[in-house]
Amino acid sequence: MFGLFGILGTYSGLTVNAEQATYMRWALELGEGEAIANSRVIGVVAAGLLGGWKIGLGAGLIAGVHRFFLGGFTGLACGLATVIAGAIAAYFYKKNKNERIISLQTAFIVGMVAEAVQMMIILLVARPFDQAILLVESIGLPMIIANGIGVAIFILIVRNVFYEEEKMGSIQAQKALKLADHTLKYLRKGLNEQSAQATCDILLKETRVDAVSLTNKEKILAFEGEGSSYHKINEDIKTGATKRVLKEGGPVIADAEEISCGNEACPLRAAIIVPLKVKEETIGTMKFYFKTEENMTQTTIELSKGLSTILSHQLELSEVDRHLELAKQAEIKALQAQINPHFLFNTLNTIVALIRTDPMKARKLLISLSHFFRQNLAGTTKTEATLEEELKHVKAYLQIEEARFSNKLTVEFDVDEEVLHTKIPPMTLQPIVENAIKHGIKQSLEGSFILIQLKKQQDKVQLSIQDNGSGISKERLVDLEKERIHSETGAGIGLTNVNRRLQMMYGGETEIEINSEEGEGTNVSFLIPLRGEIN
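So, here is what we can say about the structure in this document. (Residues numbered from 1 in each chain as written. Predicted model: local features only at pLDDT ≥ 70, side-chain atom pairs only at ≥ 80, totals over all residues. Heavy atoms only, no water.)

**Considering the overall build of the chain**
Secondary structure assignment for the chain yields 15 helices and 15 strands. Scored against the burial criterion, the 535 residues of the chain give a buried share of 47%. In the chain, once contacts between residues fewer than 6 apart in sequence are set aside, the share between residues at least 24 apart is 67%. As displayed, the chain offers around 27,100 Å² of accessible surface, 55% of which is attributable to carbon and sulfur atoms. (Helix = DSSP H or I, 4+ residues; strand = E, 2+ residues; numbered from the N terminus. Buried < 20%, exposed > 50% of the residue type's maximum accessible area, 1.4 Å probe, protein only. Contact = heavy atoms within 4.5 Å. Areas by Shrake-Rupley, 256 points an atom, 1.4 Å probe, with all protein chains shown as cover.)

Take a look at the structure:
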């Protein structure tokens, strides 16, 4: 191509006869005393600057051989100079290869240097020498300047095209990212009618298309734009083009026949159909519709392919979120299901002993045990409970423990009635109360005391369980903050597990706080949102 530019530059030059001082345009052959003042160097130098050695020398050979066969007393000199011009330009290409495109200053200088070299070769090679000198004196300086300017203009045009393409690419990338940002919150919920409809609304608004549609493998989930009265939501997929995309997993450019909905009044005549994938499996399609095939530009085609990838990644994120939620729920249920058999055996032993000495008390204790385990089992099937339900669970547990402590344990409740409907993870209070008994007042024989408070504090509820037991050493408190502390004697759910479930439900805003001193008892407390919804 650049060689042809060089040939065109030769033909469009001026035929010069220096001795007779005559000039003629568009010469197809030259006489013995004639030469050409031309712009051949522009194409060859541009080739070297833009493409390097192979392109520069190739263009130089094409244009140089052509110039040699045109004849004239400078034929050999100009032909040789043309090849050398390509080599000179290629040298500067290599020197400036780290730049995306050569600068205008360099292009101007290289163009002038290449033409100046040509003038020198004419003086060295062309004969008769006096005609060569006369020719160089007549056209040398103008041609050096003109070709330098010509090469700079050529590079300027290429730069403008290059930057315009880059600008368009940047605009499309920005648009794709904008669309990705706007659609993320919908498609992360999965591909369904609601997310598809919201996504179609955004895509139609932000792209230059006549209609947008999203489908799953079987049905149209959403359709917005022209022809919406003919493409009904929840209709089965009928068009062969869409079925082909679902089967093959690649984009399809469809004409009017391939997207026909069967109604002649439908204005849509062309479409771009791209797949939506999750883990390489096609789960649906995105379709951009147009009234005419002329409206379907290459830019829109590339944008649709890019959006296909972005939306597919968002759908994959929805799968990741779903699996994380399942894992989270599984962990919660696993934590809730931890029941230490020692507690059951000890309680049954207490009931067996009471059956002989106090049957009525044994009966009440058995009812409390039944209620306690019923609450435990219910906790494994749901992810939230009211504070009122949690208090019932705690009271059932305490009735069992009070029987085992032979009435040496005193428990007080300080509860604001208005907070009882507030939600909390199941089996949250009972393990804390159990820890207070087993680790706080276990060694006390008389005067064991526990205070359970549920108090409203503005838009939050403070829950605290306080005991008058032996307290916790400073070293142990540090361990509690660093380690996973497991209850070896109780129901199996330690404070760390309770704290973990609270944070999984409410996020980082809720955390158990332990205040204790050796010999002074322990207070375990935390805050939750009042009537808060669990995340």
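**Let's talk about the side chain of Thr386**
Within the fold, Thr386 resides in strand 9 (residues 385–386). Residue classification places Thr386 among the buried positions, given a relative accessible area of 15%. Ignoring sequence-local partners within four residues, the contact set of Thr386 consists of Leu420, His421, Thr422, Lys423 and Ile424.

**Quick look at unusual backbone geometry**
In this model, Arg127 is joined to Pro128 through a cis peptide bond whose omega is 10°. Structurally, Pro128 can be placed in the loop between helix 5 (104–125) and helix 6 (129–187). Even without being glycine, Lys279 reaches a positive phi, approximately 55°. Tracing the sequence through the fold places Lys279 in the loop between strand 7 (270–278) and strand 8 (281–290).

**Examining the packing of aromatic side chains**
To describe a pair of aromatic rings, you give the distance between the ring centres and the angle between the ring planes. This model, assessed by the stated rule, comprises seven aromatic pairs. Taking 5.3 Å as the distance between ring centres and 75° as the angle between the ring planes, the aromatic pair formed by Phe68 and Phe69 counts as edge-to-face. Taking the relative accessible area as the measure of exposure, Phe68 reaches 40% and is therefore partly exposed. Each ring, one from Tyr91 and one from Phe92, has its centre 5.5 Å from the other, and the planes form 85°; the classification is edge-to-face. Given the relative accessible area of 45%, Tyr91 is considered partly exposed. Sitting above the plane of the Phe413 ring, Lys395 keeps its charged end 5.1 Å from the centroid. (Phe/Tyr/Trp six-rings, centres within 6.5 Å; stacked < 30°, edge-to-face > 60°. Lys NZ or Arg CZ within 6 Å of the ring centre and 35° of its normal.)

**Observations concerning the sheet that holds strand 4 (residues 211–215)**
One open sheet holds the five strands; their spatial order is 5-4-8-7-6, and the pairing between them is antiparallel. A single partner strand is all that each edge strand has here, and the edge strands are strand 5 (220–225) and strand 6 (252–254). For this sheet, the mean inter-axis angle between neighbouring strands, taken without regard to orientation, is 15°. The pairing of strand 4 with strand 8 spans five bridges and is classified as antiparallel. Each bridged residue has a counterpart across the sheet, and for Ser213 the counterpart in strand 8 is Lys287. Sitting on the sheet, helix 7 (residues 193–206) touches strand 4, strand 5 and strand 8, and the angle it makes with strand 5 is about 25°. In the packing of helix 8 (residues 240–248) onto the sheet, contacts are made with strand 4, strand 6, strand 7 and strand 8, and the angle to strand 8 comes to roughly 145°. (Pairing = 2+ DSSP bridges. Axes fitted to C-alpha atoms, helices over the stretch in contact; angles between N-to-C directions.)

**Here we look at helix 5**
A rise of 1.5 Å per residue sets the reference length of helix 5, with its 22 residues, at 32 Å; its end C-alpha atoms lie 31 Å apart and thus fit the reference within 8%. Residues Thr106, Ala107, Val110, Gly111, Ala114, Glu115, Gln118, Met119, Ile121 and Ile122 constitute the buried set of helix 5. (Expected span 1.5 Å × (residues − 1).)

**Here we look at helix 7**
A rise of 1.5 Å per residue sets the reference length of helix 7, with its 14 residues, at 20 Å; its end C-alpha atoms lie 20 Å apart and thus fit the reference within 8%. The opening residue of helix 7 is Asn192, an N-cap whose side-chain oxygen sits 3.1 Å from the backbone nitrogen of Gln194. (Polar contact = N/O pair within 3.5 Å; in protein donor to acceptor, adjacent residues only side chain to side chain.)

**A short note on the packing of helix 4 (residues 75–95) against helix 5**
Two elements in contact, helix 4 and helix 5, have axes separated by 9 Å at closest approach and are oriented at 150°. Taken as axis vectors, helix 4 and helix 5 run roughly antiparallel relative to one another. Crossing angle aside, the handedness with which helix 4 passes helix 5 is right-handed. On helix 5, the residues touching Leu76, Ala77, Cys78, Leu80, Ala81, Thr82, Ile84, Ala85, Ile88, Ala89 and Phe92 of helix 4 are Thr106, Val110, Val113, Ala114, Val117, Gln118, Ile121, Ile122 and Val125. Its residues placed into classes, the contact of helix 4 with helix 5 shows 17 nonpolar, three polar and no charged. (Parallel < 35°, antiparallel > 145°, perpendicular 65-115°, else oblique. Left-handed = near helix turned anticlockwise from the far one by under 90°. Nonpolar A, V, L, I, M, F, W, Y, C, P; charged D, E, K, R; others polar.)

**Examining the sheet that holds strand 14 (residues 513–516)**
Pairing in this open sheet of five strands is mixed, and the strands run 10-12-13-15-14 from one edge to the other. With partners counted over all chains shown, the strands left at the sheet margins are strand 10 (409–415) and strand 14, one partner each. On average, adjacent strands in this sheet sit at an angle of 15° to one another, irrespective of strand direction. Across the sheet, helix 12 (residues 387–404) lies against strand 10, strand 12 (448–457) and strand 13 (460–467), angled at about 170° from strand 10, the strand it touches most.

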